[in-house]
Amino acid sequence: NLFVYQTVSTCWCAATVTPVLGMVAARWKHSLPDLTYDYGALEPHINAEIMQLHHSKHHATYVNNLNVTEEKYQEALAKGDVTAQVSLQPALRFNGGGHINHTIFWTNLSPNGGGEPQGELAAAINRDFGSFQALKDKMSAATVAVQGSGWGWLGFDKESGKLRITACPNQDPLQGTTGLVPLLGIDVWEHAYYLQYKNVRPDYVKAIWNVINWENVSERLQAAKK
Ligand SMILES: [Fe+2]
């Protein structure tokens with residue numbers, strides 16, 4: 001389960017023989033995950049045009065560029081070219097992060113979402129933030145305050161066993177850059193809201209609570225605790 005929640009969708013595409021290394025190197029290719037709801041299903045909170053472009057264009061571009069980057073990285077590995085490996089790392093962080101983040105994001109949303117978290121998640125929120133409203137206020141503030149493009153996150157700190165709110169710039173993936181396990185992400189790149197909310201990011205962040213899939217967030221917490 002942990003694997004399912006913390007990796008991104010992949011398909012086993014080809015195994016190529018790498019004579020230099022004398023071994024069979026597995027080549028993973030990432031693919032754009034399907035949404036489990038229609039592009040218009042989150043209206044009026046997030047409109048269909050945003051969802052279509054966000055998923056089929058923006059996320060797809062991260063997937064394509066991640067595959068290209070990994071291919072180059074594999075060539076650099078095969079040649080033992082450490083300089084090339086290091087120079088590819090920003091592209092890996094950006095496109096790999098973009099794929100990881102959006103893959104989580106789609107499942108964090110649901111046309112049947114909104115309302116309040118239940119059970120163990122609700123208890124953890126009350127314990128660590130005082131109330132659900134306090135979590136919403138704190139996470140909204142941290143998310144709206146992201147400078148430029150980035151993400152607001154609710155994450156799980158495995159060491160302390162506590163929930164944490166933080167923000168990441170660009171497409172930095174939460175776990176890869178902070179160690180926190182991602183439970184809920186709010187994308188505040190302009191591509192996520194501008195066509196509907198223009199420059200008023202706070203209105204978008206306020207509206208998104210109406211479509212949060214708390215069951216998915218709960219499942220991620222359960223998986224993170226294992
Ligand atoms: Fe995005």
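Residues numbered from 1 in each chain as written. Predicted model: local features only at pLDDT ≥ 70, side-chain atom pairs only at ≥ 80, totals over all residues. Heavy atoms only, no water.

Concerning the sheet that holds strand β5 (residues 181-187)
Item 1. Ordered in space as β4-β3-β5, the three strands form an open sheet in which the pairing is antiparallel. Because the sheet does not close on itself, it has two edges, and the strands there are β4 (162-169) and β5. Within this sheet the neighbouring strands show an average axis-to-axis angle of 25°, counted without direction.
Item 2. Relative to β4, strand β3 (residues 150-157) runs antiparallel, the two being bridged by eight bridges. (Pairing = 2+ DSSP bridges. Helix = DSSP H or I, 4+ residues; strand = E, 2+ residues; numbered from the N terminus. Axes fitted to C-alpha atoms, helices over the stretch in contact; angles between N-to-C directions.)

Considerations on the coordination of the iron ion
Item 1. Coordination sphere of the iron ion, protein contribution only: H54 (NE2), H102 (NE2), D187 (OD) and H191 (NE2), at 1.9 to 2.1 Å.
Item 2. Positions of the donor residues of the iron ion, expressed as sequence spacing, correspond to H-x47-H-x84-D-x3-H. Within this pair, whereas H54 is found in helix α2 (residues 48-79), its partner D187 is found in strand β5, the two being separated by 133 residues in sequence.
Item 3. Given a relative accessible area of 1%, H54 falls into the buried group. (Donors = N, O, S within 2.8 Å, 3.2 Å for Na, K, Ca; no water. Buried < 20%, exposed > 50% of the residue type's maximum accessible area, 1.4 Å probe, protein only.)

Quick word on the UniProt feature "binding site: Mn(2+)" (unreviewed entry) in the protein chain
Item 1. Residues annotated by UniProt as "binding site: Mn(2+)" (unreviewed entry) correspond here to H54, H102, D187 and H191. Of the residues just listed, which span 138 residues, no C-alpha pair is farther apart than 12.2 Å, and they cluster in one region.
Item 2. If near-sequence neighbours (up to four positions away) are discounted, H54 is found in contact with H59, H102, F105, W106, D187, H191 and A192.
Item 3. Every residue in contact with H191, bar those within four places of it in the chain, is listed here: I50, H54, H58, Y62 and H102.
Item 4. Looking at H191, its side chain comes within polar contact range of the side chain of H58, at 3.4 Å. (UniProt positions renumbered as here; feature names shortened; annotations may be inferred. Contact = heavy atoms within 4.5 Å. Polar contact = N/O pair within 3.5 Å; in protein donor to acceptor, adjacent residues only side chain to side chain.)

What to know about unusual backbone geometry
Item 1. Look at the link from E43 to P44: it is a cis peptide, with omega at 5°.
Item 2. Within the fold, P44 resides in the loop between β2 (23-30) and α2.
Item 3. With a phi close to 55°, N170 is a non-glycine residue in the positive phi region.
Item 4. Here K198, not a glycine, exhibits a phi torsion of approximately 50°, which is positive.
Item 5. Relative to the elements of secondary structure, K198 occurs in the loop between α7 (194-197) and α8 (201-208).
Item 6. Residue classification places K198 among the partly exposed positions, given a relative accessible area of 44%.

Observations regarding the packing of aromatic side chains
Item 1. Enumeration over the complete set of coordinates arrives at nine aromatic pairs.
Item 2. Seen from their ring centres, F105 and W151 are 5.4 Å apart, and the 90° between their planes marks the pair as edge-to-face. Separated by 46 residues along the polypeptide, F105 in helix α3 (residues 82-108) and W151 in strand β3 bring together distant segments of the chain.
Item 3. On the basis of relative accessible area, F105 is assigned to the buried category, the value being 2%.
Item 4. By relative accessible area, which is 0% here, W151 ends up buried.
Item 5. Taken together, the ring pairs in this structure connect F105, W106, W151 and W153 into an aromatic cluster. (Phe/Tyr/Trp six-rings, centres within 6.5 Å; stacked < 30°, edge-to-face > 60°.)

A closer look at α8
Item 1. Those residues of α8 not exposed but buried are R201, Y204, V205, A207 and I208. Buried positions in α8, seen along its axis, are confined to an arc of 165° and lie on one side of it.
Item 2. The inward-facing, buried residues of α8 abut α3, α5 (132-144), β5 and α7. (Arc of directions from axis to C-beta.)

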